[in-house]
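Coordinate analysis (summary)
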Amino acid sequence: MTTYLVPLILIGVLSSAGVYLLLERNLTRMLLGLLLISNAINLLILNAGGPSGNPPVRGRTSGSDTTTADPLAQAMILTAIVITMGVAAFVLALTYRSYRINTIEEVSNDPEDTRVSQLSGKEDDEIDELKPNVSRDTDLPDELDALPGYEGSR
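Residues numbered from 1 in each chain as written. Predicted model: local features only at pLDDT ≥ 70, side-chain atom pairs only at ≥ 80, totals over all residues. Heavy atoms only, no water.

With that out of the way, let us pick up the packing of helix H1 (residues 5–22) against helix H2 (residues 27–48). Between H1 and H2, the least distance of the axes is 7 Å, while the angle of their chain directions is 155°. Classed by the angle they form, the pair H1 and H2 counts as roughly antiparallel. Here the hand of the crossing between H1 and H2 comes out left-handed. Of the residues in H2, those in contact with Pro7, Leu8, Leu10, Ile11, Leu14, Ser15, Ala17, Gly18, Val19, Leu21 and Leu22 of H1 are Arg29, Met30, Leu32, Gly33, Leu34, Leu36, Ile37, Ala40, Leu43, Leu44 and Asn47. Here the contact of H1 with H2 is composed, by residue class, of 17 nonpolar, four polar and one charged. (Axes fitted to C-alpha atoms, helices over the stretch in contact; angles between N-to-C directions. Helix = DSSP H or I, 4+ residues; strand = E, 2+ residues; numbered from the N terminus. Parallel < 35°, antiparallel > 145°, perpendicular 65-115°, else oblique. Left-handed = near helix turned anticlockwise from the far one by under 90°. Contact = heavy atoms within 4.5 Å. Nonpolar A, V, L, I, M, F, W, Y, C, P; charged D, E, K, R; others polar.)

Residues Leu5, Ile9 and Val13 make up a contiguous nonpolar surface patch of roughly 300 Å² in combined accessible area. The exposure class of Ile9 is partly exposed, given its relative accessible area of 48%. (Patch = residues over 30% accessible without salt bridge, like charges linked within 9 Å, V, L, I, M, F, W, Y side chains within 5 Å. Areas by Shrake-Rupley, 256 points an atom, 1.4 Å probe, with all protein chains shown as cover. Salt bridge = Lys/Arg side-chain N within 4 Å of Asp/Glu carboxyl O. Buried < 20%, exposed > 50% of the residue type's maximum accessible area, 1.4 Å probe, protein only.)

This is how it looks when you write it as structure tokens:
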């Protein structure tokens, strides 16, 4: 089997550009990186599927080819394209929702993750001081409730 160098270089370039874009904090660039990586994987499957040949239909020939093309690689690529478009639509919907809520497209640091990472370096007695005050917790609605203004059934 002959392996051509140009498709492998193209796969490497697409993969590295996709990984670079996935590491960005901009959701649109993350989506583009995801699409580049999926296209690189599709090209890799096509390249690994073997040489082109006759169509995988019994009794059909194409030119002077003596081998038959592998239909499994083509079917896997077709399935991967459909799955990639579904994931891309989902990420695009998440990007749109994030932009509508926050009016920014950048993914910022989560404040809870920052707090937990700061707590991981402290001693156990210092952590006890930072526990929430349970005496303040009541069943009455307050500023932390999900539905502000809802008084409930009284």
